[in-house]
2 protein chains.
Amino acid sequence: MNFMRTIFWDGCVKLIDQTKLPDKLEILECKKVEDLVRAIKNLSIRGAPALEAAGAYGIALSAFEKDFDNVEDLKEHIRQTANILSSTRPTAVNLFYGIERTLKKALQGESIEKIRQLALKEAEKIADEDVERNKTMGSYGAKLIEDGDTILTICNTGRLATVDWGTALGVIRSAIEEGKNVRVVVCETRPLNQGSRLTAWELIQDGIEVTLITDNMAGIVMQKGMVDKVFVGADRIVKDAVFNKIGTYTLAILAREHKIPFYVVAPLTTFDWNKRAKDIEIEERDKDELIYCHVKCKQSLIAPKDVEVFNPAFDATPINYVSAIVTEKGIIFPPYDENVPKYLHNI
Amino acid sequence: MNFMRTIFWDGCVKLIDQTKLPDKLEILECKKVEDLVRAIKNLSIRGAPALEAAGAYGIALSAFEKDFDNVEDLKEHIRQTANILSSTRPTAVNLFYGIERTLKKALQGESIEKIRQLALKEAEKIADEDVERNKTMGSYGAKLIEDGDTILTICNTGRLATVDWGTALGVIRSAIEEGKNVRVVVCETRPLNQGSRLTAWELIQDGIEVTLITDNMAGIVMQKGMVDKVFVGADRIVKDAVFNKIGTYTLAILAREHKIPFYVVAPLTTFDWNKRAKDIEIEERDKDELIYCHVKCKQSLIAPKDVEVFNPAFDATPINYVSAIVTEKGIIFPPYDENVPKYLHNI
């Protein structure tokens, strides 16, 4: 089955509104940067690599969204846009990368027309590169999957988390494309259920066998031998930890306890190798996500309104729990201190 | 604040309808055994000790629910009721205990009036004993809690899981009653959110400080040192494992990894010491629990309708992960093989 891309340019920025899935497949049009900012904040688009493209397209959009009197006004406007876009999600480093790269390119232009052209071309290039590198990661990562494997995953690391194909789910797609028989067990991924809403939906569209569990069933499925490997994505990889969707750390501990390999799949732009876990701010999200079963539907209260909550969007898995990291340049094995810099060298 | 009991006799069986919480506090009247069977199956009443009382009151209700021509008809009817009630939930052993004990007592009667009297008296006794033993467990267990502790818990083990006071939450209540400052972190407990709907609600009613997290945040709160001890209930304790709400096994592994004590609180009727984990059937529940965010509200689909699910209601935590088991006769420490039989001896 052929899908449209998760985010693309069509006179403005268009994206699949992921808050509407699995109920309906709806395209959101962002004609202004403020529309895109809202879309990022409310998770209509999410997933680190998709955010890289969103940041890039956001810069392009800011160059097109209105008329400018002169080049300096335009440059000032896209610089401001870069700041606004950067503050939408604090944890995903790829977002900043997409913004910075497109901004830098655009600022080389010397006319309004040229800047617009450069920004859009760079954004399209970033989006194309994402698809390409996901397929490359897929073929590297597929080597880690054997015929008949059942893979446990969390959140959504598929087409919808990227421009197309996916990171961790991309590896599974590549393994299946090679003719391997692969099944997926997906954690629903509370509080926003990206696992049940997006991953289960995506895999069913592709005819890939998937079993849905709640997050607290990850222990029992490993205990019962129902899982051979764990594959997850990443929002940021620092020297001592992998930041990813809340719940990833728990899966890593469970995997080690059950002697199940735990793999991370992420493009090299996810690495922030000069930082350590303690330097990274973990985004804490709204209480409504925990007290209503579906944030959109404020009828079904699943907790008392006045309860105190702790709602971090990500956690930090110590890097020594990770069996290997799949990137577009190859599979990085421990010791990471020694091996990661070799791969980052020619990013 | 004084609460009514979770289940009580008032001309018929009445119980707090827990599927309505935290939205409203509603009493469900069960005038026929079939009403009670439905209430147990759809979890209007749940929690192992509350089910013990429900089983007992169910036998009493069957003696009152209609007219009988003779004593033998009545005896036959309550025997049949015992079978029907026993098949409602396969995992909680306390349910069978409440049924069997009341049935045995009732069958001693030689007139319709006498049988009714004996059954109701025994059921009331079982309910009273539950409250008493919970308070006794509370004072034993409170010794394990220090002033200033933050306790992580799962599901609901409070007033609503028992006739009153609670098992694991009862221990916390007792510690607070003794003047200790205790905070609670509760996992929402998917898929039916007994943690967020019932435990958070109950603790707020009592003015006990509580923070709600999703189940997949248990790792991060331990990693951040936000939790001093874990206290959970149990549905059945066999020679090599503790059966409890799905997710308990994951918490036990996380607790060991973070060197946090992991305590089980359960009355002695929870022990089924002649059995092993492999002998116990784990109830698997309906798919709807995973694909709708709130089973009652079928508007909000959180997964594709055609997804395959695995939905076990319980898991088995190997008993060697348990730091101690709090009972109404005292705290049982390892080695359990040696120590548990001493406590069961005079049950």
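See above for the structure.
Since this is a predicted model, take the numbers as computed values, not measurements.

Asks: Looking at this structure, I do not really get the interface of chain A and chain B. What am I missing?
Replies: Interfaces are frequently sized by the accessible area removed from exposure as the parts join. Facing the 57 residues of chain A at the interface are 58 residues of chain B. Buried surface at the junction of chain A and chain B, both sides included, amounts to about 4,700 Å², of which 64% is carbon and sulfur. When residues of chain A are sorted by the area they lose upon contact with chain B, A:L212, A:N216 and A:F310 head the list and together hold 15% of the total. Taken together, chain A and chain B are joined by four salt bridges.

Asks: What is the right way to read helix α6 (residues 168-177) of chain A from this model?
Replies: Counting buried positions along α6(A) gives eight out of ten residues, so the element sits mostly inside the fold. Trailing α6(A) by a residue or two, A:G179 shows a phi angle of about 100°, which is positive.

Asks: Mind showing me how you'd approach a nonpolar patch on the surface here?
Replies: Taken together, A:M4, A:L25 and A:I27 make up a surface patch of nonpolar side chains, about 230 Å² in accessible area. Overall, the relative accessible area of 42% leaves A:L25 in the partly exposed class.

Asks: Looking at this structure, I do not really get the relation of the copies chain A and chain B. What am I missing?
Replies: Superposition of the two copies of the chain requires a rotation about an axis and a shift along the axis. Of the transformation superimposing chain A on chain B, the axial component is 0.0 Å and the angular component is 180°, with the fit at an RMSD of 0.0 Å. Such a turn and shift between the copies fits a two-fold axis. Taking the C-alpha atom as reference, chain A places A:C293 closest to the rotation axis, 2.7 Å from it. A high fraction, 100%, of the interface residues of chain A reappear at the interface in chain B, so the copies pair face to face through one surface.

Asks: Looking at this model, I keep getting lost on a positive patch on the surface. Mind explaining?
Replies: All names here are of chain A. A cluster of like positive charges, contributed by K105, K114, K121 and K125, occupies part of the molecular surface. Along the chain, K105 falls in helix α4 (residues 93-106). Judged by its relative accessible area of 31%, K105 is partly exposed.

Conventions we followed
- Counting of residues starts from 1 at the beginning of each chain's written sequence and follows it residue by residue.
- Think of it this way: whatever chain is written first is A, whatever ligand is written first is 1, and the rest follow in order.
- For a predicted model such as this one, the threshold for reporting local features is a pLDDT of at least 70, and the threshold for listing and counting side-chain atom pairs is 80 or more; totals across whole chains, interfaces and linings nevertheless cover every residue.
- For side-chain calculations, the full set of non-hydrogen atoms in the structure is used, while hydrogens and water are omitted.
- Throughout, a contact is declared for two residues whenever any of their heavy atoms are within 4.5 Å.
- Two parts placed together each lose some accessible area under a 1.4 Å probe, and the buried area is that loss summed for both.
- Every case where a carboxyl oxygen of Asp or Glu lies within 4 Å of a side-chain nitrogen of Lys or Arg is listed as a salt bridge.
- Only protein chains enter the accessibility calculation, which uses a 1.4 Å probe. A residue is then buried if its area is under 20% of the maximum for its type, exposed if over 50%, and partly exposed in between.
- For the purposes of this entry, the term helix denotes a DSSP run of H or I that reaches at least four residues, the term strand denotes a run of E that reaches at least two, and both are numbered from the N terminus.
- Think of a patch as exposed residues, more than 30% relative accessible area, with no salt bridge, where like charges cluster within 9 Å and nonpolar side chains (Val, Leu, Ile, Met, Phe, Trp, Tyr) cluster within 5 Å.
- Under the convention used here, a 1.4 Å probe and the Shrake-Rupley method define accessible areas, while residue burial counts only the protein chains that appear.
- When the copies are overlaid, the least-squares fit takes in C-alpha atoms only where the residue has pLDDT of at least 70 in both copies.
- When charges are counted, Lys and Arg contribute as positive and Asp and Glu as negative, whereas His and the chain ends are disregarded.
- Charged side chains are reduced to one point each, which is NZ for Lys, CZ for Arg, CG for Asp and CD for Glu.

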